[in-house]
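Each chain, written out:
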Amino acid sequence: MSGLLRTLTSRAAPALRGSTVTQRANIYTRPAKEKIGVMETTIGMSLFSLAILGPAGWVLAHLEEYKKKD
C-alpha cells in the first residue's frame with residue numbers, strides 16, 4: 001500500500017507545484033574549425049560499426065557452441 005501511495009504522490013507532485021521553470025540547452029551551430037578528412041571519417045565509421053556490430057557477430061558466429069552448453 002505504501003508503494004502505491006508513494007507512486008501516486010510522486011506523479012501528482014509536479015502537477016500540484018504549479019508553474020515550473022523549463023531549462024533549455026544553449027546550442028549554437030557554426031562551421032567546423034577544422035575539416036575532417038576522408039581517411040579520418042572512414043576510420044571513425046569503421047570503428048563505430050565494429051563496436052556496434054562486433055559483439056552481435058561474435059554471438060551469431062558461436063551460436064552452436066552456446067546451444068551445446070545446455
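Above this note sits the structure.
Presented here is a report on the structure given in the accompanying data block. (Residues numbered from 1 in each chain as written. Predicted model: local features only at pLDDT ≥ 70, side-chain atom pairs only at ≥ 80, totals over all residues. Heavy atoms only, no water.)

**Some words on the overall build of the protein chain**
Piece 1. If you tally the helices and strands in the protein chain, you get three helices and zero strands.
Piece 2. N-terminal to C-terminal, the α/β element order of the protein chain is α-α-α.
Piece 3. Here the protein chain holds 70 residues, and 1% of them are scored as buried.
Piece 4. If you sum the accessible surface of the protein chain, you get close to 7500 Å²; carbon and sulfur atoms cover 62% of it. (Helix = DSSP H or I, 4+ residues; strand = E, 2+ residues; numbered from the N terminus. Buried < 20%, exposed > 50% of the residue type's maximum accessible area, 1.4 Å probe, protein only. Areas by Shrake-Rupley, 256 points an atom, 1.4 Å probe, with all protein chains shown as cover.)

**Remarks on a nonpolar patch on the surface**
Piece 1. On the surface, a nonpolar cluster with roughly 510 Å² of combined accessible area is contributed by Trp58, Val59, Leu60, Leu63 and Tyr66.
Piece 2. If you list the elements that add at least two residues to the nonpolar patch, you get helix H2 (38-61) and helix H3 (63-68).
Piece 3. Within the fold, Tyr66 resides in helix H3. (Patch = residues over 30% accessible without salt bridge, like charges linked within 9 Å, V, L, I, M, F, W, Y side chains within 5 Å. Salt bridge = Lys/Arg side-chain N within 4 Å of Asp/Glu carboxyl O.)

**Quick notes on the pattern of salt bridges**
Piece 1. This structure, assessed with the given rule, holds one salt bridge.
Piece 2. Ionic pairing is found between Glu64 and Lys67, a salt bridge with its closest N-O pair at 4.0 Å. A residue pair is termed a helical-turn pair when its members lie 3 or 4 positions apart in one helix, as Glu64 and Lys67 do in helix H3 at three residues.

**Regarding H2**
An α-helical turn contains 3.6 residues, so a residue and the one three or four places further along point in the same direction.
Piece 1. Of all the bends in H2, the greatest, near 40 degrees, is centred on Leu53, and the proline Pro55 appears no more than four residues after it.
Piece 2. Counting buried positions over the 24 residues of H2 gives zero, only a small fraction of the element. (Bend = angle between axes of the 7 residues up to and from the residue.)

**What about the side chain of His62?**
Piece 1. Within the secondary structure, His62 is located in the loop between H2 and H3.
Piece 2. His62 sits in the buried class, given a relative accessible area of 18%.

The values reported here are purely geometric and, on their own, carry no functional implication.
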